[in-house]
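The residues making up each chain are set out below.
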Amino acid sequence: MGEGVKAGRWPYHLGLLGAAVLVVLALFARDVAHLVEIWWTSTTYGHCLFIGPVVGWLVWQRRAELSRLTPVAWWPGLILVAGGGLIWLLGESATVALIRQMGLVAVVEGLVVTLLGPMVARGLLFPLAYAWFLVPFGAELEKPLQQITVSIVMPLLDWSGIPASADGVLIHAGRYWFEVAEACSGSKFVLAMVAFAALVANLCFRSPWRRGIFMTVSLIVPVIANGIRAWGTIFAADKTSIEVAGGVDHIIFGWVFFALVMAAVLAIGWQFFDRSPDDPAFDPLRLQAMPGHRIDPLLAAILALAITAVYPSWSSYAGGRRAMLPASMGLPDVPGWTPAEQRSAWRPDYPGADAVLLRSYKDADGHQVDLAVGVFAGQREGGKLGAFGTGILHEDDRWIRVADLGRIAGGDTVRLVTTGPNGQQVQRDVATWYRIGDRLTPDMRRVKIETMKARLLGQRQMAVAVHVASEGDDPTAIEAFVRALGPVDRFADRLTGHVTVQR
């Protein structure tokens, strides 16, 4: 099938590629719209808006070299298309938008390899690799960067003579409390710098060692600089006021600080540049060998689209099942515990849940807890466990997560704090369990795996989040309540009307 097919012409192959890409974008229109929304509205991923034009410029920069290559349709590229579709299906089944978006990019790049051939794809290797910056990854860096920022700020405060103490991501310095929030972690700065540094490293360096060193410096410098910026904000607040410091921090960080650090990194690397940006990106003479395994371009495009369409079709069939819930659900009476008024306002946030229930209890020993439950008949985009900004904290909540406490009564427990009406700090410990199908786990990663399995195989997709929260430093209250409540998995099954099979 391969050797008898003639090599094609650029207009024909590019036309087929453009049409196939448009069809794929239409098939995954929801993911495309979600990506654009993230780029446009998220300050962390605003730099992604520039990645597409940069990729286009990188391709245009290679036009002379590419014109000396002959595009061919190459059927092994269909394996890449299928692999990208599988990645998308796994992300859809686990309700993880990041994996779906990675799958979408992989499908499009698989089309490039299929319809232009492996030699052209090698000539486009860096633009294709750089296109992965379109995917908004890196949110998992926020927590470690928060801790690094605190570890940089505290010695600087001590050096500058400002008495300070840290409790997780909260810093009490001078007259004020400061939170090193996700937005202050510097993750958006680091991610944008990494994308910028990758471009500079490719354009301005030949040596892999120099590229690696430049990338390392580009990662370390903004992390240190962000810690200094956070210290400067606290220092300014101590010397002036929190309002003045907040305004200065916004202006400096938003408009000046990033540009200064970027310029500093470029200045560090400038003297070590060993390549001109105008040098040829690749040698077309080394890529002119005609590959085997060729296929008719039109047939390749049809097969690629047919393969791609299988995945959303299967997801719609197997992943659309929803469990039947009781007509009404209510939290039970618990032996030894009586209903109580909630001491401080707190409620988990599960938009799109079929039910969110909350009840407070107290016992004869003075312990008090809140039992909160979120119930999903089936998980989907816009209504799932573990979505960004949902769970025990609302987005822009007055409660702040300050510490992970490990396991209490088998539940994954975190400590939250807020400021009460009298200005005093209020503390709340929240233990969490998840019931996914027939499995109980406190681990959100396990939730993703079980959700993926259920949606891939068309199994029962019931999902229940159970939270037991105590106010103050009172882990024994959580332990005592869970003992009285009984096994959490059976409680969740009774609440949702599911019969647990005993083995």
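Calculation notes
Residues numbered from 1 in each chain as written. Predicted model: local features only at pLDDT ≥ 70, side-chain atom pairs only at ≥ 80, totals over all residues. Heavy atoms only, no water. Patch = residues over 30% accessible without salt bridge, like charges linked within 9 Å, V, L, I, M, F, W, Y side chains within 5 Å. Areas by Shrake-Rupley, 256 points an atom, 1.4 Å probe, with all protein chains shown as cover. Salt bridge = Lys/Arg side-chain N within 4 Å of Asp/Glu carboxyl O. Helix = DSSP H or I, 4+ residues; strand = E, 2+ residues; numbered from the N terminus. Buried < 20%, exposed > 50% of the residue type's maximum accessible area, 1.4 Å probe, protein only. Phe/Tyr/Trp six-rings, centres within 6.5 Å; stacked < 30°, edge-to-face > 60°. Core = buried A, V, L, I, M, F, W, Y, C linked by side-chain atoms within 4.5 Å. Contact = heavy atoms within 4.5 Å. Pairing = 2+ DSSP bridges. pLDDT = per-residue confidence, 0-100. Axes fitted to C-alpha atoms, helices over the stretch in contact; angles between N-to-C directions. Parallel < 35°, antiparallel > 145°, perpendicular 65-115°, else oblique. Left-handed = near helix turned anticlockwise from the far one by under 90°. Nonpolar A, V, L, I, M, F, W, Y, C, P; charged D, E, K, R; others polar. Expected span 1.5 Å × (residues − 1).

### Focus: a nonpolar patch on the surface
Here comes step 1: Judged by side-chain polarity, Leu-219, Ile-220, Ile-224 and Ile-228 come together as a nonpolar surface patch covering roughly 340 Å² of accessible area.
Here comes step 2: With respect to the helices, strands and loops of the structure, Ile-228 is situated in helix α11 (residues 208-239).
Here comes step 3: Among the residues examined, Ile-228 registers a relative accessible area of 42% and is labelled partly exposed.

### Some details on the packing of aromatic side chains
Pairs of aromatic rings are described using the distance from one ring centre to the other and the angle between the two planes.
Here comes step 1: One pass over the full model with this rule turns up twelve aromatic pairs.
Here comes step 2: Grouped by ring-pair contacts, the aromatic residues Phe-126, Tyr-130, Phe-133 and Phe-137 constitute a single cluster.

### Some thoughts on the pattern of salt bridges
Here comes step 1: Counted by the stated rule, this structure contains 14 salt bridges.
Here comes step 2: Residues Glu-450 and Arg-439 are paired through a salt bridge, measuring 3.0 Å at the closest nitrogen-oxygen approach. With Glu-450 in helix α14 (residues 444-457) and Arg-439 in strand β10 (residues 439-441), the pair connects residues that are eleven residues apart, well separated along the chain.
Here comes step 3: Judged by relative accessible area, which is 36%, Arg-439 ranks as partly exposed.

### Considerations on the nonpolar core
Here comes step 1: Formed by 64 residues in total, the largest nonpolar core has its most connected members in Leu-17, Ile-51, Leu-111, Leu-115, Tyr-130 and Phe-214.
Here comes step 2: Ranked by residues supplied to this core, first place goes to helix α10 (residues 187-204) with eleven residues.
Here comes step 3: With residues near it in sequence (within four places) discarded, Tyr-130 still touches Ile-51, Val-54, Val-55, Leu-58, Ala-195, Phe-196, Ala-198 and Leu-199.
Here comes step 4: By size, the runner-up hydrophobic cluster in this structure holds 27 residues, among which are Leu-357, Met-462, Ala-480 and Val-488.

### Considering the pairing of strand β9 (residues 425-436)
Note on strand geometry: in a regular strand, side chains alternate between the two faces of the sheet.
Here comes step 1: Burial within β9 is extensive, with eleven of its twelve residues counted as buried.
Here comes step 2: In terms of strand pairing, β9 meets strand β11 (residues 463-471) through nine bridges, oriented antiparallel. In the sheet register, Ala-431 faces β11, and the bridge partner there is Val-468.
Here comes step 3: As paired elements, β9 and β10 share three bridges and run antiparallel to each other.

### A few points about the confidence of the model for the protein
Here comes step 1: When pLDDT is averaged along the protein, the result is 85; 89% of the residues meet or exceed 70.
Here comes step 2: Least confident of the elements in the protein is helix α12 (residues 242-270), whose mean pLDDT is 69; most confident is helix α8 (residues 125-130), at 96.

### What about the packing of helix α9 (residues 142-159) against α11?
Here comes step 1: Two elements in contact, α9 and α11, have axes whose closest approach is 8 Å; the angle formed by their N-to-C orientations is 55 degrees. It follows from the interaxial angle that α9 and α11 lie oblique. Regarding α9 and α11, the two cross each other, and that crossing is right-handed. Residues Leu-145, Ile-148, Thr-149, Ile-152, Val-153, Leu-156, Leu-157 and Trp-159 of α9 pack against Val-223, Ile-224, Asn-226, Gly-227, Ile-228, Ala-230, Trp-231 and Ile-234 of α11.
Here comes step 2: Classifying every residue of the contact of α9 with α11 gives 13 nonpolar, three polar and no charged.

### Section: helix α5 (residues 77-93)
Here comes step 1: For α5, with 17 residues, the first-to-last C-alpha span of 24 Å sits near the 24 Å given by 1.5 Å per residue.
Here comes step 2: Along α5, the residues classified as buried are Gly-77, Leu-78, Val-81, Gly-84, Gly-85, Trp-88, Leu-89, Gly-91, Glu-92 and Ser-93.
Here comes step 3: Immediately beyond the C-terminal end of α5, within one or two residues, lies Thr-95, with a positive phi of roughly 50 degrees.

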